[in-house]
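Results of the structural survey
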Amino acid sequence: MYTVIGKPMTRTFRVLWALEELGQPYELNPAMPQSPEVVALNASGKVPVFQDDGETITDSTAIITYLADKHGQLTAPAGTLARARQDAMTQLCLDELDALLWTAARHSFALPEDKRVPEVKDSLKWEFARNLARIESRIKGPYLMGEDFSIADIVFTHCLNWAFSAKFPIESQAVLDYSKAMRAREAYKRTAAQAK
């Protein structure tokens, strides 16, 4: 039985969704970031924290990559060109979307008030739109990597959801349709029910 620590409304959502897609049992401890129990396992205080057989893994992408490799699903095989392309797309989503969204979040609530620069959000929204258009041009469809749903789709969809809630505009109908299709997946729906 896996243990997942973190509120589902955070990047913990990615891990829960992967586990639901894989059909693997898990226990969820919905601890808040920076709580003593999280800091005891991850000095940064960030979630998710994942435990398997007494071992702890942090970082949502590392966790879902581990799970996909371990269970032989949601990923191209390690050591293949298909995997290298999948990893490149996953990292692109993290670098070009997730990083901007996290910067906006820090300047909204995470940083001490005297360190926040709310005006930075306009430039982040501009950059997000530019980067999203570049990613959209690389979608092979119906999923990011073509015919197979992968962990890249989990990261990308989570970033799109985050963008919606942060009021980052998404104007591409193709991206909106993609997002709607991902949210219609049964595993996604089960995960979303936990985040309410």
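Above: the structure in question.
What comes next is a walk through the structure. Quick caveat, the model's predicted, so the values are computed rather than measured.

About the thresholds
Residues numbered from 1 in each chain as written. Predicted model: local features only at pLDDT ≥ 70, side-chain atom pairs only at ≥ 80, totals over all residues. Heavy atoms only, no water. Helix = DSSP H or I, 4+ residues; strand = E, 2+ residues; numbered from the N terminus. Contact = heavy atoms within 4.5 Å. Polar contact = N/O pair within 3.5 Å; in protein donor to acceptor, adjacent residues only side chain to side chain. Core = buried A, V, L, I, M, F, W, Y, C linked by side-chain atoms within 4.5 Å. Buried < 20%, exposed > 50% of the residue type's maximum accessible area, 1.4 Å probe, protein only. Pairing = 2+ DSSP bridges. Right-handed = clockwise from strand over helix to strand, strands pointing away. Axes fitted to C-alpha atoms, helices over the stretch in contact; angles between N-to-C directions.

**Quick look at the environment of H158**
Topologically, H158 is positioned in helix 6 (residues 151-165). With 21 residues separating them in the primary sequence, H158 and S179 have C-alpha atoms 9.2 Å apart. Once you skip the residues sitting within four places of it in the chain, H158 turns out to touch T10, R11, F13 and R14. A distance of 3.0 Å separates a polar atom in the side chain of H158 from a polar atom in the side chain of R14.

**Looking at the nonpolar core**
In terms of nonpolar packing, the biggest core is built from 49 residues, with F128 and F156 touching the most fellow members. Counting only elements with at least two residues in this core, the list comes to strand 1 (2-5), helix 1 (12-22), helix 3 (60-71), helix 4 (81-110), helix 5 (120-136), helix 6, helix 7 (173-183) and helix 8 (186-194). Each residue touching F128, except ones within four places of it in the same chain, is listed here: L97, L100, L101, A163, F168 and I170. Of all hydrophobic cores here, the second largest spans 5 residues; its members include I5, A31, V38 and V49.

**Looking at the pairing of strand 1**
Where burial is concerned, the two faces of strand 1 agree: the one with Y2 and V4 and the one with T3 and I5 are both buried. Here 4 bridges tie strand 1 to strand 2 (residues 26-29), and the two strands are oriented parallel to one another. By the bridge assignment, V4 is partnered in strand 2 with L28. Regarding topology, helix 1 serves as the crossover connection from strand 1 to the parallel strand 2, and that connection is right-handed. Pairing of strand 1 with strand 3 (residues 49-52) involves 3 bridges; the strand directions are antiparallel. Paired with T3 across the two strands is Q51, which belongs to strand 3.

**Comments concerning the sheet that holds strand 4 (residues 55-58)**
Reading across the sheet, the 4 strands line up as 2-1-3-4 and stay open at both edges, with mixed pairing between neighbours. Since the sheet does not close on itself, it has two edges, and those belong to strand 2 and strand 4, each with one partner. Taken pair by pair, the neighbouring strands of this sheet meet at an average axis angle of 20°, ignoring direction. Note that strand 3 and strand 4 share 4 bridges and pair antiparallel. Pairing of D52 across the sheet is with E55, part of strand 4. Contacting strand 1, strand 3 and strand 4, helix 3 crosses the sheet at an angle of about 125° to strand 4.

**Regarding the side chain of T12**
Turning to its location among the elements, T12 is positioned in helix 1. On the accessibility criterion, T12 (0% relative accessible area) is buried. For T12, the side chain forms a polar contact with the side chain of T10, separated by 2.9 Å. Setting aside its immediate chain neighbours within four residues, T12 contacts V4, I5, G6, K7, L28, V47 and P48.

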